[in-house]
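Structural characterization, general
The primary structure of each chain is shown beneath.
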Amino acid sequence: MGETIISVKSLVKTYKMGDVEVHALRGVNVDIVKEDFAAIMGKSGSGKSTFMNIIGCLDVPTKGQYLLDGVDVSSLSKDQLAALRNHKIGFVFQSFNLLSRTSALENVELPLLYNKKISSREMRTRSLNALEAVGLADRAHHFPNQLSGGEQQRVAIARSLVNDPVVILADEPTGNLDTRTSIDVMGIFQKLNQQGITIVIVTHETDIAAFTKRNITFRDGKIIRAIEVDKPRNAKEELANMPVLAEEEL
Amino acid sequence: MKVKNLLKAALRSLAKNKMRTFLTMLGIIIGVASVIAMLAIGQGSKQSIQAQISTLGTNVLMIFPSASSSGGVRMEAGSSQKMTIEDVTAITERCPSIAYITPQVRSSGQLVNGNLNWRTSVYGVYPNYFDIKNLKLTSGSVFTMNDDRSAGKVCIIGQTVVTNLFGADADPVGNYIRINKIPFKIIGITEKKGQNSYGQDQDDVVIAPFSTVQKRIMAVTYIQSMLASAVTEALIPNASQEITDVLKAKHNLGPSEDPDFTIRTQTDIANMATATSGILTILLATIASISLLVGGIGIMNIMLVSVTERTREIGIRMSVGARGRDVLLQFLIEALLISLLGGLIGVTIGVLVSQLIANILRWPVTITIQSILMSFLFSSAIGIFFGWYPARKAARLNPIDALRYE
Ligand SMILES: Nc1ncnc2c1ncn2[C@@H]1O[C@H](COP(=O)(O)OP(=O)(O)OP(=O)(O)O)[C@@H](O)[C@H]1O
Ligand SMILES: [Mg+2]
């Protein structure tokens, strides 16, 4: 096992809605190590998104400890959290969350804009490289509304990896995509993971979870099971073996 | 975020909503343009008043009776009949700082030449009135003290009177006119002076010997006011003091009692006129500033709408590492750009409008660099001031709340 990137202890998140308290997370303990590729599963409402938002530093827990790359996140200021999101985390949303009327390339550049150390020239090359990595170099100047859902999600993935994060977090990245495109996206994640990037995704589908190395299951705000995947599916091979004819008929 | 990128982002989001940006800017444009134009008008009238006053000579003093109360009823200033010709004589004899002094009476007169007639003011003064006011004749000569002693029926008329009674290019010196049915011989024509700063035609006058007007036309024994000039401008305070002493003694007033007359120097009048036009300028500028303020509120309104509309964008930016400060700056720069750009266009339009006013209405306008700089500064201050609240509202959002916003 490599070094621990994400270490969560007794994480609790309670939403207060007037008099009603919603216990979204009730004591979650999990470690995710470097170069891991984990899928978070569980029924709707079991707390998966809440968990992802907290480890993505978009939200703060009610109680519990969270170490990201050895740093206790609860001690950080808002600005330091922003810097953390910028340098260490890449977040991919189910609904893509791209800026409209802004080209794919500029969407990918966005995290670099908030990184003072990077020159305009370097920004361009890194963004183009990231687009290249998700196979969208030829769509660099398209606007989101000129791209398919799968392409938009790939732009979002390119954006998440452009700043060389230690971990990419994806909340239902294939939720809005068809089977083939989903496998496509999983292929990209597998490739990035092989290059050494730690990845955590949320998914409802066991088929999709089978592409990862580890499956963690949530129920009622707790982890009820965490298993290693015996033989992960290989997206690249499966895509190569997919009947081309069937595709053309569609 | 780097400044260059901030500017780029701000310009882009303003360009996305061109119509809205323009309308928001319009408030600032109108505000700045009216501030510039109003200040130009105010400054212009102030300067033209000052220019006119300075041509009158600064060593002139006017003495007139104070507003008096008779039986508890306050009378109009200058309506009292307490000044007499003896006061003039006393001042002439006992005030070394006074160079010239003349009594003044003014009556309105109906002038007739054949079948033409004209109504105007008839002034009764000593010949040295022309020295005090530095008034020249284009034709003929000034009457003498002998004419005054004999209440001679001679007069000097202004160009407007000439035009109305004899025609534009006539030189009626030696001709006779009737003033309130009394025949007067015209012995001189005054130099053309045009309108004064209050819009009065200074050429619409008849000037005759003091006694003539006092006795023959008005049939009174008092004088309405005196006009004097000090030997030099520096002696004005002395002259003023000497006159006060002499008149108080003559009117049997103790040194501690209030005088029953008022002395005004040309400087007083100049100051008063300048103060009046200063107040006018401030008033105009204030009204214009209010429209600038309304423009600022327009910016705030639109920025608030914009922040709400773009909550998701703010969430996305925060999720990839934008700090509160970055978001704040982004919105602040948008507000600043609107107000600066609006200010720039407003200054241009303001200058053009001022020129139009000068050319079409023939009003004196003066555009000063200060007024341009001031409205420019003011409009950017308004941008920052009214942009601050919406921008801070955006900056304070939580990333997750912003992202979830529908
Ligand atoms: N902002 C919120 N305010 C109140 N309750 C919330 C809020 N966000 C989530 N919850 C509640 O917390 C619980 C966990 O929600 P969460 O979004 O984490 O579920 P999930 O596992 O991601 O579900 P899904 O698979 O449908 O996306 C749910 O019961 C939800 O109603
Ligand atoms: Mg969810």
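Anything mentioned here points back to the structure above.
1. A few points about the packing of aromatic side chains
All names here are of chain B. Applying the stated rule across the entire model yields 7 aromatic pairs over all chains. On the numbers, 6.2 Å between centres and 80° between planes, the contact of F130 with F143 is edge-to-face. Taken together, the positions of F130 in helix α4 (residues 129-132) and F143 in the loop between β6 (137-140) and α5 (145-149) put the pair 13 residues apart, joining distant regions of the chain. Taken individually, F130 and F143 each receive the classification buried, so the pair is uniform in this respect. By way of ring pairs, the aromatic residues Y129, F130 and F143 are connected into one cluster.

2. What about the site of ligand 1?
Close to ligand 1 lie 15 residues, the nearest being A:S44, A:G45, A:K48, A:S49 and A:T50. At the site occupied by ligand 1, nearby residues are drawn from chains A and B. In this structure, an oxygen atom belonging to ligand 1 sits 2.8 Å away from a main-chain N or O atom of A:G45. A:S49 is positioned with one of its side-chain polar atoms (N or O) 2.7 Å from an oxygen atom of ligand 1. When residues of the shell around ligand 1 are traced back to their parent elements, those giving at least two are β1 (4-17), β2 (20-33) and α1 (48-55) of chain A. Taken together, the residues of the shell around ligand 1 break down into 4 nonpolar, 7 polar and 4 charged.

3. Quick notes on the environment of B:L403
Residues and elements named next belong to chain B. Within the fold, L403 resides in helix α13 (residues 399-404). Judged by its relative accessible area of 7%, L403 is buried. Remark: the alpha-carbon pair of L403 and M318, spanning 85 residues in sequence, is separated by 8.9 Å.

4. Some details on helix α6 (residues 159-166) of chain B
Residue and element names in this part refer to chain B. In terms of residue burial, α6 counts as a mostly covered element, since 6 of its 8 residues are buried. Taken residue by residue, α6 has Q159, T160, V161, V162, L165 and F166 as its buried positions. Considering only its buried residues, α6 is in contact with β4 (98-113), β5 (116-125), β7 (154-157), β8 (176-179), β9 (182-190) and β10 (205-209). Immediately beyond the C-terminal end of α6, within one or two residues, lies G167, with a positive phi of roughly 100°.

5. Side note on the sheet that holds strand β8 (residues 198-202) of chain A
Sheet strands pair via backbone hydrogen bonds, and the direction of the pair is either parallel or antiparallel. All names here are of chain A. Read across the open sheet, the 6 strands follow the order β6-β7-β8-β3-β9-β10; overall the sheet is mixed. Both outer strands of the open sheet, β6 (89-92) and β10 (222-228), are each paired with one neighbouring strand and no more. For this sheet, the mean inter-axis angle between neighbouring strands, taken without regard to orientation, is 15°. As judged from the 5 bridges shared by strand β3 (residues 37-42) and strand β9 (residues 214-219), these two strands associate in the parallel manner. Looking at the pairing, M41 lines up with T217 of β9. Contacts from helix α5 (residues 149-161) reach β6 and β7 (167-171), with the element oriented near 170° to β6.

6. Some thoughts on a nonpolar patch on the surface
The grouping of B:L344, B:I345, B:I349 and B:V353 at the surface amounts to a nonpolar patch, some 300 Å² of accessible area in total. With respect to the helices, strands and loops of the structure, B:L344 is situated in helix α11 (residues 324-361).

7. Focus on the pairing of β2(A)
Strand direction decides the pairing type here: β1(A) and β2(A), joined by 11 bridges, are antiparallel. Note that in β2(A) the partner of A:T4 across the bridge is A:V33.

8. Overview of the pairing of β6(A)
Residue and element names in this part refer to chain A. What you see with β6 is no split at all: I89 and F91 on one side and G90 and V92 on the other are buried throughout. Bridge count for β6 against β7 is 4 bridges, and the pairing is parallel. If you follow V92 over to β7, its bridge partner there is A170.

9. Focus on the pattern of salt bridges
As a working rule, side chains carrying opposite charge can pair if their charged atoms are close by. Taken as a whole and judged by the stated rule, the model has 18 salt bridges over all chains. Note that A:D36 is salt-bridged to A:R214, the shortest N-O span being 3.0 Å. Highlighted residues: A:D36 in the loop between β2 and β3 and A:R214 in strand β9, separated in sequence by 178 residues. Relative accessible area serves as the criterion here: at 7%, A:D36 is assigned to the buried category. Judged by its relative accessible area of 12%, A:R214 is buried. Here the salt bridges do not stand alone but share partners, grouping B:R310, B:E313, B:R317 and B:E334 into one network.

10. A look at the sheet that holds strand β5 (residues 71-72) of chain A
All names here are of chain A. With antiparallel pairing, 4 strands are arranged side by side in an open sheet as β2-β1-β4-β5. Every other strand in the sheet has two partners, leaving β2 and β5 as the edge strands with one partner each. In this sheet, strand β4 (residues 63-68) lies alongside β1 in antiparallel orientation, the contact comprising 5 bridges. The residue bridging S7 from the neighbouring strand is L67, located in β4. Strands in contact with α1 are β1, β2 and β4; relative to β1, the strand with the most contacts, it is inclined by about 120°.

Criteria and thresholds
- Residues numbered from 1 in each chain as written.
- Chains lettered and ligands numbered in written order.
- Predicted model: local features only at pLDDT ≥ 70, side-chain atom pairs only at ≥ 80, totals over all residues.
- Heavy atoms only, no water.
- Phe/Tyr/Trp six-rings, centres within 6.5 Å; stacked < 30°, edge-to-face > 60°.
- Helix = DSSP H or I, 4+ residues; strand = E, 2+ residues; numbered from the N terminus.
- Buried < 20%, exposed > 50% of the residue type's maximum accessible area, 1.4 Å probe, protein only.
- Near = heavy atom within 4 Å.
- Polar contact = N/O pair within 3.5 Å; in protein donor to acceptor, adjacent residues only side chain to side chain.
- Nonpolar A, V, L, I, M, F, W, Y, C, P; charged D, E, K, R; others polar.
- Contact = heavy atoms within 4.5 Å.
- Pairing = 2+ DSSP bridges.
- Axes fitted to C-alpha atoms, helices over the stretch in contact; angles between N-to-C directions.
- Patch = residues over 30% accessible without salt bridge, like charges linked within 9 Å, V, L, I, M, F, W, Y side chains within 5 Å.
- Areas by Shrake-Rupley, 256 points an atom, 1.4 Å probe, with all protein chains shown as cover.
- Salt bridge = Lys/Arg side-chain N within 4 Å of Asp/Glu carboxyl O.

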